[in-house]
Amino acid sequence: MEKNGFPVAFIDSEPIQKLFRFPETKLHRQPFIKYKGLEESLYIYIEREREREREREQIRGDQCPGHKDRERERDRERQRERAEMESSEGKCKILIFGGSGYLGKYMVKASIFLGHPTYVYSRPPTAKTSPSKIDLLHEFQAMGVSIIHGELEEHEKLVRLIKQVDVVISVLAYPQVFEQLKIIDAIKVADNVKRFLPSDFGCEEDRVNPLPPFQQFLEKKRKIRRATEEAGIPYTFVSANCFASYFVNYLLNPHEIRDNINVYGSGKANGILIIVFS
Ligand SMILES: NC(=O)c1ccc[n+]([C@@H]2O[C@H](COP(=O)([O-])OP(=O)(O)OC[C@H]3O[C@@H](n4cnc5c(N)ncnc54)[C@H](OP(=O)(O)O)[C@@H]3O)[C@@H](O)[C@H]2O)c1
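Remember, it's a predicted structure, so these values are computed and weren't measured experimentally.

A. Structural view of the packing of aromatic side chains. A full pass over the atoms with the stated rule returns 4 aromatic pairs. Ring centres of Tyr174 and Phe217 lie 3.8 Å apart, and the angle between their planes is 15 degrees; on these two criteria the pair is classed as stacked. Pair noted here: Tyr174 is in the loop between strand S6 (167-170) and helix H7 (180-190) and Phe217 is in helix H8 (residues 212-230), with a separation of 43 residues, a long-range link. Judged by relative accessible area, which is 25%, Tyr174 ranks as partly exposed. Here the aromatic cluster, defined as three or more aromatic residues joined through ring pairs, consists of Tyr174, Phe214 and Phe217.

B. Here's a closer look at the packing of helix H6 (residues 155-162) against H7. Direction vectors running N to C along H6 and H7 enclose 55 degrees, while the axes themselves pass 9 Å from each other. Between H6 and H7, the angle is such that the two are oblique. Remark: the crossing between H6 and H7 carries right-handed chirality. Each of His155, Leu158, Val159 and Ile162 in H6 lies in contact with H7, whose residues at this interface are Lys182, Ile183, Asp185, Ala186, Ile187, Val189 and Ala190.

C. How the structure looks around the nonpolar core. Leu95, Phe97, Tyr121, Ile162, Val168, Ile183 and Ile187 are the most contacted members of the largest nonpolar core, which totals 24 residues. Broken down by element, this core gets its largest block of residues, 5 residues, from H7. When residues no more than four places from it in sequence are discounted, the contact partners of Val168 are Leu95, Phe97, Ile162, Ile183, Ile187, Val193, Arg195, Phe196 and Leu197. Val108, Val145, Val167 and Ile169 belong to the second largest nonpolar core, which has 17 residues in total.

D. Up close: the sheet that holds S6. With respect to topology, 5 strands assemble into an open sheet ordered S5-S4-S3-S6-S7, the strand pairing being parallel. Either end of the sheet is taken by a strand with one partner, and the two such strands are strand S5 (146-149) and strand S7 (195-197). The sheet shows a mean angle of 20 degrees between the axes of neighbouring strands, direction not considered. Direction of pairing for S6 relative to S7: parallel, over a ladder of 3 bridges. Opposite Ile169, over in S7, you have Leu197 as the bridge partner. Those strands touched by H7 are strand S3 (94-97), S6 and S7, and its axis lies near 175 degrees from that of S6.

E. Expanded view of the site of the ligand. The local shell around the ligand holds 22 residues, among which Ser100, Tyr102, Ser122, Lys133 and Asn241 are the closest. Taking Leu103, its main chain carries an N or O atom lying 2.8 Å from an oxygen atom of the ligand. Between the ligand and Arg123, the relevant distance is 2.9 Å, taken from an oxygen atom to a side-chain nitrogen or oxygen of the residue. Protein contact buries 82% of the 910 Å² of open area that the ligand shows by itself. Of the residues in the shell around the ligand, the class split is 10 nonpolar, 8 polar and 4 charged.

F. View of the environment of Gln180. As for its placement among the helices and strands, Gln180 is situated in helix H7. Taking the C-alpha atoms as reference points, Gln180 and Leu152, 28 residues apart in sequence, are found 8.2 Å from one another. Separated by 2.8 Å, the side chains of Gln180 and Ser170 make a polar contact.

G. The arrangement of the pairing of S3 in detail. Every second residue of S3 is oriented toward a common face, with Ile94 and Ile96 on one face and Leu95 and Phe97 on the other, all of them buried. Strand direction decides the pairing type here: S3 and strand S4 (residues 118-122), joined by 4 bridges, are parallel. Paired with Ile94 across the bridge in S4 is Thr118. At this point the chain moves from S3, through helix H4 (residues 104-113), to the parallel S4, and the crossover so formed is right-handed. In this sheet, S6 lies alongside S3 in parallel orientation, the contact comprising 4 bridges.

Parameters and conventions
- Residues numbered from 1 in each chain as written.
- Predicted model: local features only at pLDDT ≥ 70, side-chain atom pairs only at ≥ 80, totals over all residues.
- Heavy atoms only, no water.
- Phe/Tyr/Trp six-rings, centres within 6.5 Å; stacked < 30°, edge-to-face > 60°.
- Helix = DSSP H or I, 4+ residues; strand = E, 2+ residues; numbered from the N terminus.
- Buried < 20%, exposed > 50% of the residue type's maximum accessible area, 1.4 Å probe, protein only.
- Axes fitted to C-alpha atoms, helices over the stretch in contact; angles between N-to-C directions.
- Parallel < 35°, antiparallel > 145°, perpendicular 65-115°, else oblique.
- Left-handed = near helix turned anticlockwise from the far one by under 90°.
- Contact = heavy atoms within 4.5 Å.
- Core = buried A, V, L, I, M, F, W, Y, C linked by side-chain atoms within 4.5 Å.
- Pairing = 2+ DSSP bridges.
- Near = heavy atom within 4 Å.
- Polar contact = N/O pair within 3.5 Å; in protein donor to acceptor, adjacent residues only side chain to side chain.
- Areas by Shrake-Rupley, 256 points an atom, 1.4 Å probe, with all protein chains shown as cover.
- Nonpolar A, V, L, I, M, F, W, Y, C, P; charged D, E, K, R; others polar.
- Right-handed = clockwise from strand over helix to strand, strands pointing away.

By themselves these figures say nothing about function.
Here it is, written out as structure tokens:
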């Protein structure tokens, strides 16, 4: 099914879970619209988008003679950067904040899977810590992850730890976005980090201007981007847009039947959920 040339997605399907590779995310099974060809439609769409990108690339190259040279130079730069990041054992040491979280656990596992010495900085366990988090941390340890318990306020400890690693990834929960200033401060003092990825992983906040509630949400993440730049730390900001498996449940609450719903804006816009892979 298409709307204005986009596949419109509806989410009751196993294939979506597989595409997102979040098998344990529970999708509620009340369908909005059943559409059996969804997966196929998405793949066709992805292929079409890739084809369009190749065409755009070709046009850019034809119109601007220096474009291909600049692209090649950028490729060389990326290769140099990657080589530089790899330590003597051929891998870089990665420290992850928020590694026990919804996204973080995949980062930790991917890092180990790719052979990087991996460190997770996690709040000290308390009587209220969930058994599933404790199990997860044990699982990490069994995989070879070094777990360091601590608070973000422990500046000296953070500096000492950061001095031992090459890359810092923060996947802290959204309410802790501002607390990343403490990580940025520690990275500045340690002065050895080759790349920092702050907890972004959503919209490209420097390019979108949504309605007020979401605008405030993005503003906090923008401030962390600016603080990272001002600190002169090499960074990568990751824009992943929205994960349907998360937002369908979180925003649309398909499993709840309500008498009232909040409608932002004029209420006249047609709400459609679009899933685009690249
Ligand atoms: N694009 C999307 O659709 C999408 C979806 C989900 C998330 N995101 C983004 O991805 C990032 C990570 O989100 P997430 O959902 O993975 O985070 P999360 O699971 O809610 O939390 C991540 C971790 O933050 C740590 N944390 C530190 N201090 C905390 C505190 N005081 N309270 C609670 N947690 C604390 C916890 O690790 P320890 O207990 O081990 O310290 C927790 O496991 C956020 O920036 C979020 O906006 C984007």
